[in-house]
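Per-entry structural report
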Amino acid sequence: MVKLTMIARVTDGLPLSEGLDDGRDLKDADFYKQQAKQLFKNLSKGQHEASRIQIETAARPYAFIKFDAFIQKTKKLYLDTRTQRNLAKLNDELYEVHQIMTRNVQEVLGVGEKLDQVSEMSSRLTSDTRIYADKVKDLNRQALIRKYAPVAIVIGIVLMLFWVKNKIW
């Protein structure tokens, strides 16, 4: 729970803005304010480096009191129980989205591995197809030889007999 909101310049501890509390819900508001001012003074010791010119030029206390509206709005956001429930619900939804995205990434990685396997199988299939085509040519040649070799042998013998007959007679 937010009890007190105060913004101060670190270099000299000058309070720049403070949440304007009505004090009804906090008994020790003045005590907390005094502690915050003391904390700012302790923080300012040893600080000599300028951080921002707009803040460094502020000369009077509570120069940025208009910032209180933002402080009050932010304070209400964190005090509202519905907001807390909404934040919890939002965190749950973010967790679910994170889980879904993690699952999707894992699926994409799995698809990548499967694509690698398919690519490897495709290259094996290509090489097996070449081997199969060579074997088909050999089988066709052997089939032609088996089909026409006996006829060629018979014709060759007949021609040789005619030649021998012409030579001898």
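Residues numbered from 1 in each chain as written. Predicted model: local features only at pLDDT ≥ 70, side-chain atom pairs only at ≥ 80, totals over all residues. Heavy atoms only, no water.

Looking at an unreviewed UniProt entry, one finds the protein chain named V-SNARE coiled-coil homology domain-containing protein and attributed to Urochloa decumbens. The protein chain has a UniProt comment under Subcellular location (unreviewed entry) that states "Endomembrane system". (UniProt positions renumbered as here; feature names shortened; annotations may be inferred.)

Some thoughts on the overall build of the protein chain
A count of helices and strands for the protein chain gives 4 helices and 2 strands. Secondary structure elements of the protein chain occur, N-terminal to C-terminal, as β-β-α-α-α-α. The buried share among the 169 residues of the protein chain stands at 12%. Within the protein chain, residue pairs in contact and separated by at least 24 positions form 71% of the contacts whose partners lie at least 6 positions apart. (Helix = DSSP H or I, 4+ residues; strand = E, 2+ residues; numbered from the N terminus. Buried < 20%, exposed > 50% of the residue type's maximum accessible area, 1.4 Å probe, protein only. Contact = heavy atoms within 4.5 Å.)

Re a nonpolar patch on the surface
Together, Val151, Val154, Ile155, Val158, Leu159 and Phe162 give the surface a local cluster of nonpolar side chains, amounting to about 550 Å² of exposed area. Tracing the backbone shows Leu159 in helix H4 (residues 81-168). For Leu159, a relative accessible area of 54% translates into the label exposed. (Patch = residues over 30% accessible without salt bridge, like charges linked within 9 Å, V, L, I, M, F, W, Y side chains within 5 Å. Areas by Shrake-Rupley, 256 points an atom, 1.4 Å probe, with all protein chains shown as cover. Salt bridge = Lys/Arg side-chain N within 4 Å of Asp/Glu carboxyl O.)

A short note on helix H1 (residues 29-44)
Given a rise of 1.5 Å per residue, 16 residues ought to cover 22 Å, and the 23 Å separating the end C-alpha atoms of H1 matches this to within 8%. Structurally, H1 contributes buried residues whose contacts are with strand E1 (6-8). (Expected span 1.5 Å × (residues − 1).)

Considerations on the pattern of salt bridges
Evaluated as defined, the whole model comprises 3 salt bridges. Linking Arg9 and Asp12 is a salt bridge whose minimum nitrogen-to-oxygen distance equals 2.7 Å. Note that Arg124 is salt-bridged to Glu120, the shortest N-O span being 3.3 Å. A residue pair is termed a helical-turn pair when its members lie 3 or 4 positions apart in one helix, as Arg124 and Glu120 do in helix H4 at 4 residues. Judged by relative accessible area, which is 45%, Arg124 ranks as partly exposed. Residue classification places Glu120 among the partly exposed positions, given a relative accessible area of 46%.

Digging into the pairing of strand E2 (residues 15-18)
As defined by bridge partners, E1 adjoins E2 across 3 bridges and the pair is classed as antiparallel. Bridging from a neighbouring strand, Ala8 pairs with Pro15 of E2. (Pairing = 2+ DSSP bridges.)

Section: the confidence of the model for the protein chain
Per-residue pLDDT for the protein chain averages 81, and the proportion of residues at 70 or more is 86%. Ranking the elements of the protein chain by mean pLDDT puts helix H2 (residues 53-56) last, at 62, and H4 first, at 89. (pLDDT = per-residue confidence, 0-100.)

Focus on the environment of Asp30
You can see Asp30 is positioned in helix H1. For Asp30, a relative accessible area of 59% puts it in the exposed group.

Examining the side chain of Arg9
Assignment of secondary structure puts Arg9 in the loop between E1 and E2. Among the residues examined, Arg9 registers a relative accessible area of 7% and is labelled buried. Reaching out from Arg9, the side chain makes a polar contact with the side chain of Asp12 at a distance of 2.7 Å. (Polar contact = N/O pair within 3.5 Å; in protein donor to acceptor, adjacent residues only side chain to side chain.)

Brief notes about the environment of Ile7
Turning to its location among the elements, Ile7 is positioned in strand E1. Overall, Ile7 belongs to the partly exposed group, its relative accessible area being 30%. If sequence neighbours within four positions are ignored, Ile7 has contacts with Pro15, Leu16, Ser17, Phe67 and Ile71.

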